[in-house]
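This is what each chain is made of:
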Amino acid sequence: MRIDDEPAFVLHARAWRETSLLVEVLTEQHGRLGVLARGVSSPRSQALRAALQPLQWIRLSAVQRGELAQLRQAEALDAAPRLSGDAMLAGFYVNELLLRLAPRQDPVPELYDAYGAVRQRLAQAEPLAWTLRRFERDLLEALGFGFDLVHGSDGESIDPAARYELDPLEGPRRLLSERGVDARRGTATGSALLALAADDIPGNEDLASLRRPMRTVLLHHLGGRGLKSWEMLEDLARRR
C-alpha cells in the first residue's frame with residue numbers, strides 16, 4: 001500500500017542499525033504507523049533527521065509492507081514545540097500514552113485531532129495539569145473508553161459537593177461518606193468532573209483531585225502495566 005503526502009505527528013524515533021531510524025507516527029488516515037527511515041545519518045539528510053523527532057508535525061510518503069512502512073519522503077510542516085522541564089516530561093507522557101494505547105494501522109481521526117490540540121497547548125505553555133487532564137479525557141473518548149462525566153454510575157446527576165471514584169467501565173461512582181479520609185485520596189470532586197465535562201478549568205484543589213482517578217482508569221486500559229513517564233514524575237516529586 002502506498003501512502004502519499006500524509007500529515008502525521010512523530011511520537012518516537014530510535015536508531016536502527018548504523019544509518020537508519022525506526023519511527024512511530026500518528027496519522028489521520030492510517031492511524032499509528034511504524035516507519036523505517038533508511039540512510040538518515042549522512043550530512044545531506046540532516047533536515048530529514050530533524051523532521052523525524054518527537055512532537056514534530058510532518059508530511060510523509062511511504063510504502064506499507066507488513067508491519068513496517070518504508071519511508072520515501074518526509075518534510076516538516078512547522079517547528080516542533082520547544083519544551084523544557086515539566087512541559088518536556090508532559091510531552092513524553094502524551095507520546096508514551098499513544099504508543100501504548102493507539103491501535104496500529106487503525107485510523108482514529110478524533111485521536112489525531114486530540115494530539116494536535118495538546119501539542120498546541122504545550123507549545124503555548126497552558127497550565128500543564130489541565131492540559132493533561134483534557135488530553136486524557138479526549139484520548140479515552142476517541143478510543144471508545146470514555147464515560148459520562150455529568151451522571152454517576154447510578155444514573156444520578158453528579159453532585160458538585162460529593163466525591164467520586166472513577167470506575168474504568170462504569171464511570172463515576174459516588175463515595176459513601178462513611179468510608180473515611182483515606183478513601184478520599186483516590187477520588188475526584190464532583191465539581192471537578194463537571195468542569196472536565198464542560199471543558200472549563202476548575203480551581204486548583206478540584207483540578208488536583210482528577211489526577212489519581214484518571215490514572216486509575218488509564219492503568220486499567222494499559223493492562224495494569226504503568227508508564228515510564230509516571231515513574232519519572234514520581235522520582236522528580238521525591239527529589240523536590
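Look a little higher up for the structure.
First, a word on scope: everything that follows refers to the structure included in this document.

Parameters and conventions
Residues numbered from 1 in each chain as written. Predicted model: local features only at pLDDT ≥ 70, side-chain atom pairs only at ≥ 80, totals over all residues. Heavy atoms only, no water. Core = buried A, V, L, I, M, F, W, Y, C linked by side-chain atoms within 4.5 Å. Buried < 20%, exposed > 50% of the residue type's maximum accessible area, 1.4 Å probe, protein only. Helix = DSSP H or I, 4+ residues; strand = E, 2+ residues; numbered from the N terminus. Contact = heavy atoms within 4.5 Å. Pairing = 2+ DSSP bridges. Phe/Tyr/Trp six-rings, centres within 6.5 Å; stacked < 30°, edge-to-face > 60°. Axes fitted to C-alpha atoms, helices over the stretch in contact; angles between N-to-C directions.

What follows covers the nonpolar core. Side chains of a nonpolar character, in soluble globular proteins, are inclined to be buried together. Grouped together as the largest cluster of nonpolar side chains are 45 residues, with contacts concentrated most on Leu-97, Leu-98 and Leu-139. Looking at this core, the elements that each hand over two or more residues are strand E1 (2–16), helix H2 (85–101), helix H3 (109–123), helix H4 (128–142), strand E6 (163–167), helix H6 (190–198) and helix H8 (211–221). Among the elements that line this core, the one with the most residues is H2, at seven residues. For Leu-98, the contacting residues outside a window of four places in its chain are Leu-11, Leu-26, Arg-32, Leu-111, Tyr-115, Phe-135 and Leu-139. By size, the runner-up hydrophobic cluster in this structure holds 18 residues, among which are Leu-21, Val-35, Leu-52 and Ile-58.

This part covers the pairing of strand E5 (residues 68–76). Sheet topology places strand E3 (residues 31–37) next to E5; three bridges connect them, and they run parallel. When the sheet's bridge partners are listed, Leu-36 is paired in E5 with Gln-70. Pairing of strand E4 (residues 57–65) with E5 involves eight bridges; the strand directions are antiparallel. By the bridge assignment for E5, Ala-62 is matched with Leu-71. Where E4 folds back on E5, the antiparallel hairpin that results is connected by two residues, among which Gly-66 adopts a positive phi of roughly 70°.

Evaluated as defined, the whole model comprises four aromatic pairs. Between Phe-9 and Tyr-112 the ring centres are 4.9 Å apart and the planes differ by 40°, which places this aromatic pair in the tilted class. On the criterion of sequence distance, the pair formed by Phe-9 in strand E1 and Tyr-112 in helix H3 is long-range, its members being 103 residues apart. Here Phe-9 and Tyr-112 have matching classes, each one buried. Measuring from ring centre to ring centre gives 6.5 Å for Tyr-93 and Trp-230, while their planes differ by 35°; the resulting arrangement is tilted.

In this section: the sheet that holds E5. Ordered in space as E1-E2-E3-E5-E4, the five strands form a closed barrel in which the pairing is mixed. The sheet shows a mean angle of 55° between the axes of neighbouring strands, direction not considered. Of the pairings in the sheet, the one linking strand E2 (residues 20–27) to E3 comprises seven bridges and is antiparallel in character. Bridge pairing links Glu-24 to Gly-34 in E3. On top of the sheet, H2 reaches E1, E2 and E3; it is set at about 110° to E1, its chief contact. Most of the contacts of H3 go to E1, to which it runs at about 60°, and overall it touches E1, E2 and E4.

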